[in-house]
Amino acid sequence: NAGVTQTPKFRILKIGQSMTLQCAQDMNHNYMYWYRQDPGMGLKLIYYSVGAGITDKGEVPNGYNVSRSTTEDFPLRLELAAPSQTSVYFCASTLGLAGINTGELFFGEGSRLTVL
Amino acid sequence: ILNVEQSPQSLHVQEGDSTNFTCSFPSSNFYALHWYRWETAKSPEALFVMTLNGDEKKKGRISATLNTKEGYSYLYIKGSQPEDSATYLCATHSGAGSYQLTFGKGTKLSVIP
């Protein structure tokens, strides 16, 4: 029972490099999220998706892109890495609140990214 | 962007003490309020998701109440234990039916043995 799986767990990038953070869930959740966590700032929403083919910007989307071609996968792409993107990134998913669903988010273990 | 405020930012309590902290959120267009427990070096884990005004939920020694009319929720921990040390996050949706979830900055609880 994998839940939400994020890779890689750690990565160091040089300024201007690109990379993709992978996120996959095996719970058939419609809703998926990417958050970043900076010290003292809590979790900031980058992008979210309400289903395959549908994505929307959160609070801090600049410098990132996402896609949702399948229900299971929600990758986050950094095109031109900048030091301001040094952070811990969390992917999360939920079934939502409809019917008997409780709406709780299930989080991945996080990906620590450093841009030098 | 919603303004979700949590207080206090941090607190230290002695083992065995009971404690509580607050989450404030906009009362208009309310949908649901979430509480999460976040231990250091781990991922946040859900405690409660609450939708109804006046709702009270309980899990072991931890309970939460919700007031959607005035826009606040309290989280209570009875008889704090060292294993309760964590950051407690609340989050709410940006509107009825919306799945854009905004988190507060959290309350960091340290329980001193």
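For clarity, every value in this text was computed on a predicted model and none was experimentally measured.

1. Quick word on the overall build of chain B
Part 1 of the reasoning: Scanning chain B from terminus to terminus reveals 0 helices and 11 strands.
Part 2 of the reasoning: What you see for chain B is a C-alpha radius of gyration of 14 Å, in line with the 13 Å of a compact globule of 113 residues.
Part 3 of the reasoning: Dimensions of chain B, computed from the C-alpha atoms along their principal axes, are close to 40 × 30 × 20 Å.
Part 4 of the reasoning: Scored against the burial criterion, the 113 residues of chain B give a buried share of 50%.
Part 5 of the reasoning: Residue pairs at least 24 apart in sequence account for 54% of intrachain contacts in chain B once pairs closer than 6 positions are excluded.

2. Re the packing of aromatic side chains
Part 1 of the reasoning: On inspection of all chains with the given rule, the structure shows 16 aromatic pairs over all chains.
Part 2 of the reasoning: Look at Phe107(A) and Phe103(B): their rings are 6.3 Å apart centre to centre, the planes differ by 65°, and that puts the pair in the edge-to-face class. Within this pair, whereas Phe107(A) is found in strand E10 (residues 106-107), its partner Phe103(B) is found in strand E10 (residues 101-103), the two belonging to separate chains.
Part 3 of the reasoning: Accessibility expressed as a relative area gives 7% for Phe103(B), which makes it buried.
Part 4 of the reasoning: Site record: aromatic cluster; members linked through ring pairs are Tyr33(A), Tyr35(A), Tyr48(A), Phe90(A), Phe107(A), Tyr36(B), Trp38(B) and Phe103(B).
Part 5 of the reasoning: One cation-aromatic arrangement involves Arg68(A) over Phe74(A); the distance from NZ or CZ to the ring centre is 6.0 Å.

3. Thoughts on unusual backbone geometry
Part 1 of the reasoning: With an omega of -5°, the peptide bond between Thr7(A) and Pro8(A) qualifies as cis.
Part 2 of the reasoning: Ser7(B) connects to Pro8(B) through a cis peptide bond whose omega is -5°.
Part 3 of the reasoning: Phi angles above zero are rare outside glycine, and Asn29(B) is one such case at about 60°.
Part 4 of the reasoning: For Asn29(B), the location among the structural elements is in the loop between strand E3 (19-24) and strand E4 (33-38).
Part 5 of the reasoning: According to the relative accessible area criterion, Asn29(B) is exposed, its value standing at 52%.
Part 6 of the reasoning: In the Ramachandran plot, Ala41(B) falls in the positive-phi region, its phi being about 65° despite a non-glycine side chain.
Part 7 of the reasoning: As for its position among the elements, Ala41(B) is in the loop between E4 and strand E5 (45-50).

4. Considering empty space enclosed by the protein
Part 1 of the reasoning: Inspection of the entire model under this criterion finds 1 cavity of 30 Å³ or more.
Part 2 of the reasoning: The wall of the largest cavity is formed by Leu43(A), Lys44(A), Leu45(A), Glu59(A), Gln100(B), Leu101(B), Thr102(B) and Phe103(B).
Part 3 of the reasoning: If you list the elements that add at least two residues to the lining of the largest cavity, you get strand E5 (42-51) of chain A together with E10 of chain B.

5. Examining the pairing of E4(B)
Residue and element names in this part refer to chain B.
Part 1 of the reasoning: Across the 6 residues that make up E4, a large majority, 6, are buried.
Part 2 of the reasoning: Where burial is concerned, the two faces of E4 agree: the one with Leu 33, Trp 35 and Arg 37 and the one with His 34, Tyr 36 and Trp 38 are both buried.
Part 3 of the reasoning: As paired elements, E4 and E5 share 5 bridges and run antiparallel to each other. Note that in E5 the partner of Tyr 36 across the bridge is Ala 46.
Part 4 of the reasoning: In textbook terms, the turn of a hairpin is the stretch between consecutive antiparallel strands, and for E4 and E5 this stretch comprises 6 residues, one of which, Ala 41, has a positive phi near 65°.
Part 5 of the reasoning: Taken together, the 6 bridges between E4 and strand E9 (residues 86-93) define a ladder with antiparallel strand orientation. Residue Trp 38 lies in a different strand from E9, and its bridge partner there is Thr 87.

6. Side note on the state of the cysteines
Linking two cysteines covalently via their sulfur atoms produces the bond known as a disulfide.
Part 1 of the reasoning: Going through the model one piece at a time under the given rule, you end up with 2 disulfides over all chains.
Part 2 of the reasoning: Bridging Cys23(A) to Cys91(A), the disulfide has an S-S length of 1.9 Å. One quick way to see it: the torsion about the S-S bond of Cys23(A) and Cys91(A) is about -70°, and its sign makes the bridge left-handed. Here Cys23(A), found in strand E3 (residues 19-25), pairs with Cys91(A), found in strand E9 (residues 87-94); they are 68 residues apart in sequence, far enough to count as distant.
Part 3 of the reasoning: Assessed through its relative accessible area of 1%, Cys23(A) is described here as buried.
Part 4 of the reasoning: Take Cys91(A): its relative accessible area is 0%, and that puts it in the buried class.
Part 5 of the reasoning: Covalently, Cys23(B) is tied to Cys90(B) through a disulfide, its sulfur atoms 1.9 Å apart. Taking the torsion about the S-S bond as the criterion, the Cys23(B) to Cys90(B) disulfide, at about 75°, is right-handed. Taken together, the positions of Cys23(B) in strand E3 and Cys90(B) in strand E9 put the pair 67 residues apart, joining distant regions of the chain. Just as Cys23(B) is buried, Cys90(B) falls in that class too.

Rules used in this analysis
- Residues numbered from 1 in each chain as written.
- Chains lettered and ligands numbered in written order.
- Predicted model: local features only at pLDDT ≥ 70, side-chain atom pairs only at ≥ 80, totals over all residues.
- Heavy atoms only, no water.
- Helix = DSSP H or I, 4+ residues; strand = E, 2+ residues; numbered from the N terminus.
- Rg over C-alpha atoms; globule rule 2.2 N^0.38 Å.
- Buried < 20%, exposed > 50% of the residue type's maximum accessible area, 1.4 Å probe, protein only.
- Contact = heavy atoms within 4.5 Å.
- Phe/Tyr/Trp six-rings, centres within 6.5 Å; stacked < 30°, edge-to-face > 60°.
- Lys NZ or Arg CZ within 6 Å of the ring centre and 35° of its normal.
- 1 Å grid on protein atoms, 1.4 Å probe; cavity = no way out; pocket = protein on both sides within 12 Å on 5 of 7 lines; lining within 4 Å.
- Points joined across faces, edges and corners; volume = space filled by probe spheres on them.
- Pairing = 2+ DSSP bridges.
- Disulfide = S-S within 2.5 Å.

In short, the description is geometric, and any link to function would need to be established separately.
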